[in-house]
Amino acid sequence: MRYQPIPSDMYIRNRAKLVGKLKPGSMAIINSNDEMPRSGDQTFPFKQNSDLFYISGCDQEKCVLTLCPGHPVESLREVLFIVRTNDLMVTWNGYKYTLTEARQLSGIKNVKWLDDFELTLRDQMSRVQTVYLNQNEYIKFTTEVPSRDLRFAEKMKREYPVHTFERLAPLLTDLRKIKEPEEITQMQKACDITEEGFRRALGMIKPGVLEYEIEAEFTHAFAIRGAVHAYQPIVASGKNACVLHYITNDQTCNNGDLLLLDIGAEYGNYCADMSRTIPVNGKFSARQRQVYEAVLRLLKAGMKMLIPGTTNEKWHAEVTKLMEKELIGLGLITEEEVKNQDPSNPVFFKYYMHGTGHFLGLDVHDVGSRQDELKRGMVITCEPGIYIPEEDIGIRLENDVLVDDVPVNLMASIPVEPDDIEALMKKV
Ligand code: GLY
Ligand code: MN
Ligand code: MN
């Protein structure tokens, strides 16, 4: 394992909270993610199902967790199944959890080999009427690739057609939105590692450098701390910064251009999500600084609004009001245009076409909806941006913020003031 795991107490608490939400006479079943095929006999690096990780800390493929709180036999109320290791497997594929390790990591007393799954499940199923099954229900995501949870749900409905099935995802979503202190610690670590990458990159960025060379600085900083990229990094110079999901990162950074970096480390499966925009030659032009300062004001104002009681939707609406003023100040739109705008297609949209932020946690776009009331303990990104393709300017600044009466910026130590950026980039 490349990270310091969260002690099992948190997983015990998380499971207790989930069990508290299940109907009487029910059980819940949740599967690990698949190892995804890459090419030939290779797979992509394994990424655990965030929902399973949240309630078990188990970071291995081919695991199933069953929670059957009403079972008369205490040892069958909570069972984790893991793949059986043997010497041959260890010789070829390396290390897998032993039963004891899985027990220690998860705090689940009854860990069994997967070979026992079918029979144990039959016993548990005979004691319940309702079964909660899990799915990735992220609103804006569709995929043609069936997950293990989906395949399992189809099998269960075939094999146990007279049971009642319920959705587990809404229950887990409710829990995952509010972060435990241990989770905040991991997220802070992911932010700190991201900062190391940024400071490292600041030392080498100059005209002529390739975007992917900058990406490599972050990759190095992440890898030596046991982290990986939380998402495909965006290293976008000049006009590339106006392509919101630019990930090719294969162009040369030119003198006079801005460089937009949207990069975050993932540590122990917890994500950071940072954006910074810097001048390639170490000095902002007057116009670049003018637009930068407008975005920075929006970042600061936006972060302050992340207090309990609001919603992402209301927050975004407030930020866009400020955005309109900034865009007028920058001479990009007029008051007249704002006054006469069609509310379903506001004029600011030409220069600011994305949301102001999203939930962050085990997933970079974490569970939760734009209509959810913000509560203490939630983590939201604040990421205003202004994109002016006709001027080759694209500026986004993004911090990760813990919702509280006084919101906590988890990226407070990552340089963002333009004078600080220029000072750090000054080569001696
Ligand atoms: N890096 C993805 C995002 O900012 O939402
Ligand atoms: Mn983001
Ligand atoms: Mn981002």
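The sections below set out a description of the structure shown in this document. These figures come from a predicted structure and were not determined experimentally. (Residues numbered from 1 in each chain as written. Chains lettered and ligands numbered in written order. Predicted model: local features only at pLDDT ≥ 70, side-chain atom pairs only at ≥ 80, totals over all residues. Heavy atoms only, no water.)

**Considerations on the coordination of the manganese ion (ligand 3)**
For a metal with four tetrahedral donors the ideal donor-metal-donor angle is 109.5 degrees, while six octahedral donors give ideal angles of 90 or 180 degrees. Heads up, the condition is: Only nitrogen, oxygen and sulfur atoms qualify as donors, and only when within 2.8 Å of the metal (3.2 Å in the case of Na, K and Ca); with water excluded, sites may look incomplete. A site with four donors is called tetrahedral when every donor-metal-donor angle falls between 85 and 135 degrees; four donors are called square planar, and six octahedral, when opposite donors sit more than 155 degrees apart and all other angles fall between 65 and 115; any other arrangement is irregular. Numbering goes from the N terminus for both helices and strands, where a helix is a DSSP run of H or I of at least four residues and a strand is a run of E of at least two. Throughout this description, buried means an accessible area under 20% of the type-specific maximum (1.4 Å probe, protein chains only), exposed means over 50%, and partly exposed covers the range between.
Distances from the manganese ion (ligand 3) to its protein donors, Asp262 (OD), Asp262 (OD), Asp273 (OD) and Glu398 (OE), fall within 2.0 to 2.5 Å. Here the manganese ion (ligand 3) binds 6 donor atoms, and the angle range of 55 to 169° at the metal identifies the geometry as irregular. When the donors of the manganese ion (ligand 3) are listed by position in the chain, the intervening gaps give D-x10-D-x124-E. A separation of 3.3 Å is found between the manganese ion (ligand 3) and the manganese ion (ligand 2), which share Asp273 as a coordinating residue. Remark: Asp273 occurs in the loop between strand E13 (270-271) and strand E14 (274-279) and Asp262 occurs in strand E11 (residues 258-263); sequence separation between them is 11 residues. The exposure class of Asp262 is buried, given its relative accessible area of 6%. Judged by its relative accessible area of 3%, Asp273 is buried.

**Brief notes about the site of ligand 1**
The condition is simple: Throughout, the term near means that a residue has one or more heavy atoms lying within 4 Å of the molecule or strand in question. Under the grouping applied here, Gly and all other residues not named as nonpolar or charged are polar, the nonpolar ones being Ala, Val, Leu, Ile, Met, Phe, Trp, Tyr, Cys and Pro and the charged ones Asp, Glu, Lys and Arg.
Taken together, the residues surrounding ligand 1 are Tyr231, Asp262, Asp273, His358, His365, Glu383 and Glu398. In terms of residue class, the shell around ligand 1 is made up of 1 nonpolar, 2 polar and 4 charged.

**Considering the coordination of the manganese ion (ligand 2)**
Taken together, the protein ligands of the manganese ion (ligand 2) are Asp273 (OD), His358 (NE2), Glu383 (OE) and Glu398 (OE), with distances of 2.0 to 2.2 Å. Geometry at the manganese ion (ligand 2) is irregular, judged from its 6 donor atoms and the angles of 51 to 156° they form at the metal. Read in sequence order, the donor residues coordinating the manganese ion (ligand 2) give the pattern D-x84-H-x24-E-x14-E.

**Points about the pattern of salt bridges**
Stated precisely, the cut-off is as follows: Salt bridge, as applied in this entry: a Lys or Arg side-chain nitrogen positioned within 4 Å of an Asp or Glu carboxyl oxygen.
Taken as a whole and assessed by the stated rule, the structure comprises 36 salt bridges. In this structure, the salt-bridge partner of Asp174 is Lys177, at a minimum N-O distance of 3.4 Å. Linking Asp174 with Lys177, this pair stays in helix H7 (residues 169-177), spanning 3 residues, or about one helical turn. Exposure remark for Lys177: the relative accessible area of 8% places this residue in the buried category. In this structure, Glu422 and Arg289 form a salt bridge, with 3.2 Å as the shortest nitrogen-oxygen distance. Highlighted residues: Glu422 in helix H13 (residues 418-425) and Arg289 in helix H10 (residues 286-304), separated in sequence by 133 residues. Since its relative accessible area comes to 12%, Glu422 is described here as buried.

**With respect to the nonpolar core**
Formally: Here, nonpolar core means buried Ala, Val, Leu, Ile, Met, Phe, Trp, Tyr and Cys residues that are tied together by side-chain atoms lying within 4.5 Å of each other. Here a residue-residue contact requires only that any non-hydrogen atoms of the pair lie within 4.5 Å.
One finds Ile214 and Ile386 to be the most contacted residues of the largest nonpolar core, which totals 106 residues. Here Ile386 is in contact with Val291, Ala294, Val295, Met323, Leu327, Leu330, Leu332, Tyr351, Ile393, Gly394 and Ile395, once residues within four sequence places are set aside. Counting residues in each nonpolar core, the second largest holds 17 residues, with Val64, Cys68, Ala153 and Met156 among its members.

**Some thoughts on the packing of aromatic side chains**
Cut-off, in case you're wondering: Paired rings are identified among Phe, Tyr and Trp, the last through its six-membered ring, by centres lying within 6.5 Å, and are further divided according to the angle between planes into stacked (under 30 degrees), edge-to-face (over 60) and tilted (the rest). Sitting over a ring, as applied to charges here, requires NZ of Lys or CZ of Arg to be within 6 Å of the ring centre and within 35 degrees of the ring normal.
Considering all chains together, one arrives at 8 aromatic pairs under this definition. For the ring pair Phe117 and Phe152, a centre distance of 6.0 Å and an interplane angle of 50° mean the geometry is tilted. On the criterion of sequence distance, the pair formed by Phe117 in helix H5 (residues 117-125) and Phe152 in helix H6 (residues 148-159) is long-range, its members being 35 residues apart. No difference in accessibility class separates Phe117 from Phe152, as the two residues are buried. Linked through ring pairs, Phe81, Phe117 and Phe152 together constitute an aromatic cluster. Cation over ring: Lys189 sits above Tyr267, and NZ or CZ is 5.1 Å from the ring centre.

**As for the packing of helix H1 (residues 8-19) against helix H4 (residues 99-106)**
Our working definition: Axes, fitted as lines to C-alpha atoms, cover a helix only where it is in contact. Angles between the N-to-C directions of the axes lie from 0 to 180 degrees. Should an angle fall under 35 degrees it is taken as roughly parallel, and over 145 as roughly antiparallel, whereas 65 to 115 is taken as roughly perpendicular and any remaining angle as oblique.
Taken N-terminus to C-terminus, the directions of H1 and H4 make an angle of 70°; their axes are 6 Å apart at the nearest point. Considering their axes alone, H1 and H4 lie roughly perpendicular with respect to each other. Residues Ser8, Tyr11, Ile12 and Arg15 of H1 touch H4, and the partners they reach there are Gln104, Leu105 and Ser106. Residue classes in the contact of H1 with H4 are distributed as 3 nonpolar, 3 polar and 1 charged.

**Describing the sheet that holds E13**
The criterion, for reference: Two strands pair under a simple rule: DSSP has to find at least two bridges between them.
Spatially, 3 strands are ordered E9-E12-E13 in an open sheet, and the strand pairing comes out antiparallel. Every other strand in the sheet has two partners, leaving strand E9 (228-229) and E13 as the edge strands with one partner each. Bridge count between E9 and strand E12 (residues 265-267): 2 bridges; the pairing is antiparallel. From the neighbouring strand, Val228 faces E12, where its bridge partner is Glu266. Strands E12 and E13 of the sheet are contacted by helix H8 (residues 181-202), whose axis makes an angle of about 140° with E12.

**Structural notes on the packing of H5 against H6**
Two packed helices can be described by the angle between their axes and the distance between those axes. This is how the line gets drawn: Each crossing gets its hand from how the near helix is turned against the far one by less than a right angle, where anticlockwise is left-handed and clockwise is right-handed.
Relative orientation of the contacting elements H5 and H6 amounts to 60°, with a least axis distance of 13 Å. On the basis of the axis angle, H5 is oblique to H6. Crossing geometry of H5 relative to H6 is assigned as right-handed. Note on element contacts: H6 touches H5 through Phe152, Lys155, Met156 and Glu159, opposite Phe117, Glu118, Leu121 and Met125. Partitioning the contact of H5 with H6 into residue classes produces 5 nonpolar, no polar and 3 charged.

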